[in-house]
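Observations on the model geometry
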Amino acid sequence: MVAYKTMWRWSCWLIVIMLIFESGSKMAESMRFDMHSGETKCISEDVKADTLSVGSYSIVDPIKSDPNVTVRFFGLQVTSPHGVSYHYGDKVEKGTFAFTASENGPYSACFWSPLHQPPLTTIVEFDWRSGVEARDWSNVAKKGNIEAMEIELRKLAVTVRNIHAEMYYLRDREEEMQELNRSTNSEMAIMGFLSLVVCVSVAGLQSWNLRNYFERKKLL
C-alpha cells in the first residue's frame, strides 16, 4: 500500500510537470492536411466536462499551394463521445465552432471531401484548442488594460485549476478501471466455475452412458 501511494504521488507530480510544460509550449498550433475527393478524415481531442473548446477551419488558397487543387468546399461535423453533434457544416470553405463539453472523453471532428472525377485534393487548415488554450488572452488584456505579468499569473491560475481538475479526473478514471477489473475478475471466476461444473457434468454423463453400454454388452 505504501509503495502504491508513493507511485501515485510520483505519477501526480509527473502529470503536473507535463501539463505545465504543455501549457508553456505551442502545442495548440494549427495543423494542415490533404484530403482527396471522396475521402473522410477524423481528428479526436480528449476534452474534460465543463471545458471550453473552440476551433477554426478553412481551405488553403490553392494559388499559394497547388494550382491543380480546385475542390473549394468540404464538410465537417463535431461530435461528442456518445455521438451528440456540436457543429455541422456541409459544402463550406471555412468556419468556426465553440462549445462547452458536457461529458468527459474523446470528441471527434470528421471532415469529408465531395466525390470528383478525376480525383482532386483539398488542403485544409484546422485549429482546435481546449481548456487554457481556448481563451483569447490578448482580448482579455486589451479589455482589462492588464499588465503582462498579471496576464501570466492569470494563465498560471487557470493552468493550476485545470491540473487540479485533471488529477481528480485521472483518479476517478483509475477508480472506474479498478471497479471494472474487479467486476471482470468476478465474472471470469463465475464463468470458470460454471465451465468446470458443465465439464464435470458432461464427464459424469459420459461415464454413466459408457457404464450402461458395457453392462448391456455383458447381458447380451
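Since the model is a prediction, treat every value here as computed from it, not as a measurement. (Residues numbered from 1 in each chain as written. Predicted model: local features only at pLDDT ≥ 70, side-chain atom pairs only at ≥ 80, totals over all residues. Heavy atoms only, no water.)

**Things to note about the overall build of the protein**
Rules: The numbering of helices and of strands both runs from the N terminus, where a helix is a DSSP run of H or I of at least 4 residues and a strand a run of E of at least 2. With a 1.4 Å probe rolled over the protein chains alone, any residue whose accessible area is under 20% of its type maximum counts as buried; one over 50% counts as exposed, and the rest are partly exposed. Contacts between residues were defined by any pair of non-hydrogen atoms, one from each residue, lying within 4.5 Å.
A tally of helices and strands in the protein yields four helices and eight strands. When the elements of the protein are put in sequence order from the N terminus, they spell out α-β-β-β-α-β-β-β-β-β-α-α. Within the protein, buried positions represent 26% of all 220 residues. Long-range pairs, those at least 24 residues apart, make up 74% of the contacts in the protein with a sequence separation of at least 6.

**Examining the UniProt feature "transmembrane region" (unreviewed entry) in the protein**
Definition in use: UniProt positions are given in the numbering used here, feature names are shortened, and annotations may be inferred rather than shown by experiment.
If you check UniProt for "transmembrane region" (unreviewed entry), the listed places come out as residues 188-208 in our numbering. The span residues 188-208 shows a helical share of 100% and a strand share of 0%, and its end C-alpha atoms are spaced 30 Å apart.

**Section: the nonpolar core**
Note the following rule: Only buried residues count toward a nonpolar core. Its members are Ala, Val, Leu, Ile, Met, Phe, Trp, Tyr and Cys residues joined through side-chain atoms within 4.5 Å.
In terms of nonpolar packing, the biggest core is built from 19 residues, with Tyr 57, Phe 74, Leu 76, Phe 97, Phe 111 and Phe 126 touching the most fellow members. Taken together, the elements giving at least two residues each to this core come down to strand 1 (31-36), strand 2 (40-47), strand 3 (52-59), strand 4 (74-79), strand 6 (94-100), strand 7 (105-112) and strand 8 (121-130). Residues in contact with Phe 74, not counting those within four places in the same chain, are Tyr 57, Ser 58, Ile 59, Gly 89, Asp 90, Lys 91, Val 92, Glu 93, Phe 111, Trp 112, Pro 114 and Val 124.

**Some details on the state of the cysteines**
Note on terminology: disulfide describes a covalent bond linking the sulfur atoms of two cysteines. The line we're drawing: In what follows, a disulfide is any cysteine sulfur pair within 2.5 Å.
All told, the structure shown has one disulfide when counted by the stated rule. The side chain of Cys 42 participates in a disulfide bridge whose partner is Cys 110; the two sulfur atoms lie 2.1 Å from each other. Between Cys 42 and Cys 110, the S-S torsion sits near 110°, and that sign places the bridge as right-handed. Here Cys 110 lies in strand 7 and Cys 42 lies in strand 2, a separation of 68 residues in the sequence.

**Description of the pattern of salt bridges**
Defined as follows: Salt bridges are identified by distance alone: a Lys or Arg side-chain nitrogen within 4 Å of an Asp or Glu carboxyl oxygen.
For the structure shown, the criterion picks out four salt bridges. The salt bridge involving Glu 125 is made with Arg 32; its shortest N-O contact spans 3.4 Å. Of this pair, Glu 125 sits in strand 8 while Arg 32 sits in strand 1, placing them 93 residues apart in sequence. A residue is classified by how much of its surface remains accessible, and Glu 125, at 27% relative accessible area, is partly exposed.

**Details of the sheet that holds strand 6**
Heads up, the condition is: Should DSSP find at least two bridges between two strands, the strands are taken to pair. Only C-alpha atoms enter the line fits that serve as axes; for helices the fit covers just the stretch in contact. Angles between N-to-C directions range over 0 to 180 degrees.
Strand order across the open sheet formed by four strands is 1-8-3-6, with antiparallel pairing between neighbours. At either end of the open sheet lies a strand with only one pairing partner, and these are strand 1 and strand 6. Ignoring which end each strand starts from, the neighbouring axes of this sheet average 20° apart. Across seven bridges, strand 3 lies against strand 8 in antiparallel orientation. Pairing of Tyr 57 across the sheet is with Phe 126, part of strand 8.

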